[in-house]
Amino acid sequence: MSVHLHWFLPTGGDGRTLVDRHAYTDGGIKRDRITPASGVRAPDIEYLAQVAKAAEQLGFEAVLTPTGTWCEDAWLTTTALTQVTDRLKFLVAFRPGVISPVLAAQMAATYQRLSRGRLLLNVVTGGDSTEQKRFGDHLDHDRRYARTDEFLQVVRGVWSGKPFDFQGEHYQVEGGLTALPPDPLPQIFFGGSSAAAGPVAARNVDVYLTWGEPPEQVRQKIAWIRGLAEQEGRGVRFGIRLHTISRDTSKEAWATADRLLGDLDPDTVAAAQQALGRSESVGQQRMLALHGGSRDKLEIAPNLWAGVGLVRGGAGTALVGSHAEVADRIEEYHALGIEHFVLSGYPHLEEAYWFGEGVRPELAARGLLAGVPSPLEGVPAANGRPASAPGGAPLLVAGGR
C-alpha cells in the first residue's frame, strides 16, 4: 500500500501566521477581536495557481479545496485551475445539504470530462449549525448525517447511467439520470467522528478521513470504521488531515512552530476557542480536547503539535520536526492503515516546497511512494541529451528549501 500525498489550496486566504483569515466572533461577521496579521495573501487566482503548480511539480497527487462562508467556491475555483495544471487532481469539498444529489452527480460528470479525470470529492456534512443556517440548512446534527447517507446513495445510483428511482426521508427522485456518467467515477472522501457518521462512511465512501489525532486514537478510529464497513460487506481506505512544519533540522522546525505560537495573543486564542467550543462536530470537540485551550504541552505525541488548533477550526495538529522525523511519523500512521495524507502549512506555497523537497525524498527512499511522472518528462532535449542528463535542463537537488 503506497502513500498518497495531497496538499491544500488556501481559498480563504494565506499568510505567514496561524491567525486564520476567518473571523471567530459573531458568526464571523465582525472581526474586531482578531489581531491584524501582516503578510496576509488574498486568494486570488494568480496566487492559487502558484500553489497548485507547486503542488503538481513537487509530486503531490491532489489538492484539497475547502468549502464554507470564508472560502471561494470550490467547484469554480478548481475548474479554473485545471486549465493551468496537467496532472494535479482536485479534492473538491462540498456540503450535500445545499445541492441536489442529481445535480451534484451531473456536475461531477462534467468536471471529469473537462479535467480529463482529475476530480475527487470530499463530502462535508457540517458540524456548525450557524454555518449551515447561512446556507438555508436547518437540520440538526444527526439528521444531517442521515441526509448525507441518502445523498450518496442517490449520487451513486444516478452514476449507473440508467434511470434511478429513490424514495427516502430527505430525497425523492424519479428517473434520476446522469446521461454520461463520469469516467472514472470520482473517489468519495468523507470524515466524521460521531456515532451518526460512522455508518454513513461504512455504507458509502471510498476514503474515510480523520483529523490528525495521536496514533493510538487514530488506530481506534480505523478499527471502528473498518468493523462497520465489514458488516456492510465493503472495504474502506483511510486518510488523515494534518499540517506540517518540516525543516532541515528539528531545531529549525520547532523554532518555526514557536514563532507561529508567538504571533497569537491571548484575546485571539480566547475568541477562537469560544467560537470553536460551540461546534456540534464531535471531531472538532476531539481536536479541542487535545490542548484544552492551553499553550502548555502542545506536543501531544512525538512530533505532533496541537498549536494550530488554538485558533483554527478543523484540522488542528501539525507534524513538526526534521524531514526524517516527519517521515517517521507518516510511516507510523501508514503502518496503522493510513493511505492518504492531506497536508498543509503556513504559508502554503513555501511549506509545499519544504515538504516536497525535504520529506518526499525520505518517503521515496523508504519505498512508500508510487512513481510520479517527472516534471522534466516531455521537456525537449538540450544538445541531443535527455533533459535529465548533465548538460541538459538543470536538475533541482532536494535541499529542503
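Placed above this text is the structure.
Residues numbered from 1 in each chain as written. Predicted model: local features only at pLDDT ≥ 70, side-chain atom pairs only at ≥ 80, totals over all residues. Heavy atoms only, no water.

Asker: So, the packing of helix α1 (residues 45-57) against helix α12 (residues 348-365): which residues are in play, and what are the values?
Answerer: Helix-helix packing is described using two parameters, namely the angle between the two axes and the distance between the axes. In contact at an axis separation of 9 Å, α1 and α12 are set at 5° when each is read in the N-to-C sense. Considered as vectors, α1 and α12 are oriented roughly parallel to each other. Contact residues: α1 offers Y47, Q50, V51, A54 and Q57, while α12 offers H348, L349 and Y353. (Axes fitted to C-alpha atoms, helices over the stretch in contact; angles between N-to-C directions. Helix = DSSP H or I, 4+ residues; strand = E, 2+ residues; numbered from the N terminus. Parallel < 35°, antiparallel > 145°, perpendicular 65-115°, else oblique. Contact = heavy atoms within 4.5 Å.)

Asker: Describe unusual backbone geometry, naming the residues involved and giving the relevant values.
Answerer: P184 follows D183 through a cis peptide bond whose omega is 0°. With respect to the helices and strands, P184 occurs in the loop between β6 (172-176) and β7 (188-191). Each neighbour pair has its own omega, and for Y346 with P347 the value is -10°, a cis peptide bond. Tracing the backbone through its elements, the reader meets P347 in the loop between β13 (338-344) and α12. For R116, which is not glycine, the phi dihedral falls at a positive 60°. Mapped onto the elements, R116 comes out in the loop between α3 (101-115) and β4 (119-123).

Asker: Explain the pairing of strand β9 (residues 237-247) to me, and be specific about the residues and the numbers.
Answerer: Along β9, 10 of the 11 residues are buried, which leaves the element largely enclosed by surrounding structure. Strand direction decides the pairing type here: strand β8 (residues 207-211) and β9, joined by 5 bridges, are parallel. Of the residues in β9, the one forming a bridge with L209 is G239. Two elements, β9 and β13, share 6 bridges in a ladder whose sense is parallel. (Buried < 20%, exposed > 50% of the residue type's maximum accessible area, 1.4 Å probe, protein only. Pairing = 2+ DSSP bridges.)

Asker: Lay out the nonpolar core with the relevant residues and their values.
Answerer: The biggest cluster of nonpolar side chains holds 73 residues, and the ones touching the most others in it are L5, F190, Y333, F341, F355 and L363. At 7 residues, the largest contribution of residues to this core is made by α1. Apart from the residues lying within four places of it in its own chain, the contact partners of F355 are L5, F60, T244, V326, I330, L343, R360 and L363. Of all hydrophobic cores here, the second largest spans 21 residues; its members include A253, A257, W305 and V308. (Core = buried A, V, L, I, M, F, W, Y, C linked by side-chain atoms within 4.5 Å.)

Asker: Help me get a handle on the environment of G239, residues and values and all.
Answerer: Position of G239 among the secondary structure elements: in strand β9. Each C-alpha atom of the pair G239 and F341 lies 5.6 Å from the other, and the pair is 102 residues apart in sequence. Aside from chain neighbours lying at most four places away, what touches G239 is V207, Y208, L209, T210, I338 and H340.

Asker: So what about the side chain of T178? Which residues, and what values?
Answerer: Relative to the assigned elements, T178 resides in the loop between β6 and β7. Setting aside residues no more than four positions away along its own chain, T178 makes contact with A105, Q106, A109, V158, W159 and G161.

Asker: Give a description of the pattern of salt bridges that names residues and reports values.
Answerer: Evaluated as defined, the whole model comprises 16 salt bridges. Across the pair R156 and D206 runs a salt bridge whose closest N-O atoms are separated by 3.2 Å. In this pair, R156 sits in helix α5 (residues 141-158) while D206 sits in the loop between α6 (197-204) and β8, placing the two residues 50 residues apart along the sequence. In this structure, E332 engages R329 in a salt bridge whose closest nitrogen and oxygen atoms are separated by 3.0 Å. Of this pair, E332 and R329 both sit in helix α11 (residues 323-336), separated by 3 residues, roughly a single helical turn. One network of salt bridges, in which partners are shared, links D328, E331, E362 and R366. (Salt bridge = Lys/Arg side-chain N within 4 Å of Asp/Glu carboxyl O.)

Asker: Go over the packing of helix α7 (residues 215-231) against α11 with me, naming the residues and quoting the values.
Answerer: Running from amino to carboxyl end, α7 crosses α11 at an angle of 25°, the nearest separation of the two axes being 10 Å. The orientation of α7 with respect to α11, classified from their angle, is roughly parallel. Our pair here, α7 against α11, has a crossing hand that is right-handed. On α11, the residues touching P215, V218, R219 and I222 of α7 are E332, Y333 and L336. (Left-handed = near helix turned anticlockwise from the far one by under 90°.)

Asker: So, the pairing of β4: which residues are in play, and what are the values?
Answerer: For β4, the buried fraction is high: 5 of the 5 residues fall into the buried class. Here β4 shows no split at all, with L119, L121 and V123 on one side and L120 and N122 on the other all buried. For the handedness criterion, the β-α-β arrangement of strand β3 (residues 89-94), α3 and β4 is classed as right-handed. Taken together, the 3 bridges between β4 and β7 define a ladder with parallel strand orientation. (Right-handed = clockwise from strand over helix to strand, strands pointing away.)

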